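Chain by chain, the residues:
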Amino acid sequence: MFTNEWTKFLTTDCVVYKINDLMIYPIFRNGSHSLRKASQEILYNKDISMCNDIVVMIREPDARFRSGVNVYCSRNNLTVDKAVSMIKKGELFDRHFMPQVLWLLHLYKHYKGDVTLRSFDHITDYTGDHIGRLQLPHTEIPVLEEFTAPDRLLEKYFDMKNNIRNILMECNVLS
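Residues numbered from 1 in each chain as written. Predicted model: local features only at pLDDT ≥ 70, side-chain atom pairs only at ≥ 80, totals over all residues. Heavy atoms only, no water.

**Observations concerning the pattern of salt bridges**
- Tallied over the full model, the rule gives 7 salt bridges.
- Glu140 serves as the salt-bridge partner of Arg66, at 3.1 Å between the closest nitrogen and oxygen. Highlighted residues: Arg66 in helix 3 (residues 61–76) and Glu140 in the loop between helix 6 (124–127) and helix 7 (145–152), separated in sequence by 74 residues.
- Under the relative-accessibility criterion, Glu140 is labelled exposed at 60%.
- Across the pair Glu145 and Arg152 runs a salt bridge whose closest N-O atoms are separated by 3.1 Å.
- Ionic contacts of the salt-bridge type, sharing partners, join the residues Asp62, Glu145 and Arg152 into one network. (Salt bridge = Lys/Arg side-chain N within 4 Å of Asp/Glu carboxyl O. Helix = DSSP H or I, 4+ residues; strand = E, 2+ residues; numbered from the N terminus. Buried < 20%, exposed > 50% of the residue type's maximum accessible area, 1.4 Å probe, protein only.)

Printed below as a string of structure tokens:
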């Protein structure tokens, strides 16, 4: 699962949004734009270590993958067929469709405490009205299991506080 491209992502800035009394870690294609808009404060990198119990919105993996590939294609004037072919060959990587467990690994670089994973269905609990930022026509896309299977393991952690390290260990992201 780990490639040089995914590793590059881990060197980018990590952010957490404060919304009311909660700290929420945004993942692309999981309402990140709406969460930013609703935030009162943004914490970066080392400041994140001071947080207690960060909420993370997790989207249904197949829907997120399809949405992410469609967004990438729209922004880069690429056909879905070409993009899927490139993804299968390991030639195309993007935050919009990379596994959500890798986003958790990115957070783990700066935060070792508890997280509460929530289904994306709860986005309006934090943002009020959430309307998908990009209303694009979506082409049906075959789901690539290597991008979605790791995220299916996250569902059993919904709505309960767990240490991020334990989640990543069980998802075989940490050894």
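That was the structure; now back to the text.
**Some remarks on the packing of aromatic side chains**
- Taken as a whole, this structure holds 7 aromatic pairs when the rule is applied.
- In this structure an aromatic cluster arises from ring pairing among Phe9, Tyr25, Phe28 and Trp103.
- In this arrangement the basic side chain of Arg59 is found over the ring face of Phe120, its NZ or CZ atom lying 5.4 Å from the centre.
- A cation over an aromatic ring shows up here: Lys112 above the ring of Tyr108, its NZ or CZ 3.9 Å from the ring centre. (Phe/Tyr/Trp six-rings, centres within 6.5 Å; stacked < 30°, edge-to-face > 60°. Lys NZ or Arg CZ within 6 Å of the ring centre and 35° of its normal.)

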